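So the chains spell out like this:
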Amino acid sequence: QVQLVESGGGLVQPGGSLRLSCAASGSIFGTNRMGWYRQAPGKQRELVADITSSGIINYADSVKGRFTASIDNAKYTVYLQMTTLKPEDTASYYCNADLTLRAGIRVKDYWGQGTQVTVSS
């Protein structure tokens with residue numbers, strides 16, 4: 001069984017910074033891709049950033065230049081450094097992972113439970 005556990009959300013003022021972490025645990029052989037999505041009230045879940053195990057990163061246009069994703073393959077952990085936060089970044093942030101399990105099975109869509117980020121003065 002695999003679990004994704006996010007941490008690092010909270011309340012921050014506009015212009016502030018937060019760092020999110022997501023650690024995968026369980027019978028994992030390796031990471032293929034890990035990333036972050038977010039969902040604001042009344043809106044669809046959207047991609048924020050994802051990163052492959054080889055370091056290729058894809059960002060949503062709305063966060064380019066402000067957010068930085070990184071991955072530690074040895075720790076099965078993905079990070080999201082968020083700077084210059086805006087009220088419109090307020091959302092629940094969800095970790096997503098494409099993993100290969102020790103049994104040799106690839107599962108492309110694991111989800112964490114989410115962590116709340118609120119940007120408000």
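In this report, the structure presented in the accompanying data block is examined. Here the residue index of a chain counts from 1 through its sequence in written order. Where local features are concerned, this predicted model is filtered to residues with pLDDT of at least 70; where side-chain atom pairs are given and counted, the filter is 80 or more; whole-chain, interface and lining totals use all residues. Side-chain numbers here rest on the full set of heavy atoms in the structure, without hydrogens or water.

### Observations concerning the overall build of the protein chain
Next up, step 1: We count a stretch as a helix when DSSP gives it H or I for four or more residues in a row; a strand needs E for two or more, and each element gets its number in order from the N terminus. If you tally the helices and strands in the protein chain, you get zero helices and 11 strands.
Next up, step 2: In the protein chain, the order of α-helices and β-strands from amino to carboxyl end is β-β-β-β-β-β-β-β-β-β-β.
Next up, step 3: Between the two quantities, the radius of gyration covers C-alpha atoms and the globule rule is 2.2 Å times the number of residues to the power 0.38. In terms of overall dimensions, the protein chain is globule-like: its C-alpha atoms have a radius of gyration of 14 Å, near the 14 Å expected for 121 residues.
Next up, step 4: Looking at the protein chain residue by residue over its 121 residues, the buried ones come to 44%.
Next up, step 5: Per-residue accessibility takes into account occlusion by the displayed protein chains alone, with areas from the Shrake-Rupley method and a 1.4 Å probe. Taken as a whole, the protein chain presents about 6,400 Å² of accessible surface, with 47% of it coming from carbon and sulfur.
Next up, step 6: Neither His nor the chain ends contribute to the count of charged residues, in which Lys and Arg are positive and Asp and Glu negative. By convention, charge coordinates are those of NZ in Lys, CZ in Arg, CG in Asp, or CD in Glu. In the protein chain, 12 side chains carry a positive charge and 9 a negative one; their mean positions are 2 Å apart. Using a 1.4 Å probe on the protein chains alone, a residue whose accessible area is under 20% of its type maximum counts as buried, one over 50% counts as exposed, and one in between counts as partly exposed.

### Quick word on the side chain of Arg38
Next up, step 1: If you trace the backbone, Arg38 turns up in strand E4 (residues 28-39).
Next up, step 2: Residue classification places Arg38 among the buried residues on the basis of a relative accessible area of 7%.
Next up, step 3: Between N or O atoms, a polar contact is any pair within 3.5 Å; within protein, one atom must be a potential hydrogen donor and the other a potential acceptor, and residues adjacent in sequence are included only when both atoms are from side chains. Within the local environment of Arg38, its side chain forms a polar contact with the side chain of Ser62, the two groups lying 3.3 Å apart.
Next up, step 4: Two residues qualify as a contact provided that any one of their heavy atoms is within 4.5 Å of a heavy atom in the partner residue. Discounting residues that sit within four places of it in the chain, Arg38 has contacts with Gln44, Arg45, Glu46, Val48, Ser62, Val63, Phe67, Glu88, Asp89, Ala91, Ser92 and Tyr93.

### So, the pattern of salt bridges
Next up, step 1: Salt bridges are counted wherever a side-chain nitrogen of Lys or Arg sits within 4 Å of a carboxyl oxygen of Asp or Glu. Enumeration over the complete set of coordinates arrives at five salt bridges.
Next up, step 2: Between Glu46 and Arg38 there is a salt bridge, with its nearest N and O atoms 2.8 Å apart.
Next up, step 3: In this structure, Asp61 engages Lys64 in a salt bridge whose closest nitrogen and oxygen atoms are separated by 3.1 Å.
Next up, step 4: By relative accessible area, which is 63% here, Asp61 ends up exposed.
Next up, step 5: When salt bridges that share partners are traced, they join Arg38, Glu46, Arg66 and Asp89 into one network.

### Focus on the nonpolar core
Next up, step 1: Met34, Trp36, Val48, Phe67, Leu80, Met82 and Tyr93 are the most contacted members of the largest nonpolar core, which totals 33 residues.
Next up, step 2: Among the elements that line this core, the one with the most residues is strand E9 (residues 91-101), at six residues. In this description, a nonpolar core means a group of buried Ala, Val, Leu, Ile, Met, Phe, Trp, Tyr and Cys residues linked to one another through side-chain atoms lying within 4.5 Å.

### Side note on the sheet that holds strand E3 (residues 18-25)
Next up, step 1: The antiparallel open sheet is built from four strands, whose spatial order is E1-E3-E8-E7. On the outer flanks of this sheet lie strand E1 (3-7) and strand E7 (67-72), each paired with one strand and no other. Ignoring which end each strand starts from, the neighbouring axes of this sheet average 15 degrees apart.
Next up, step 2: The pairing criterion is simple: DSSP has to find at least two bridges between the two strands. Pairing analysis gives five bridges linking E1 to E3, with the strands arranged antiparallel. Across the sheet, Ser7 pairs through a bridge with Ser21, a residue of E3. Note on method: axes are straight lines fitted to C-alpha atoms, helices fitted across the in-contact stretch only, with angles between N-to-C directions ranging 0 to 180 degrees.

The values are spatial; any link to function lies outside them.
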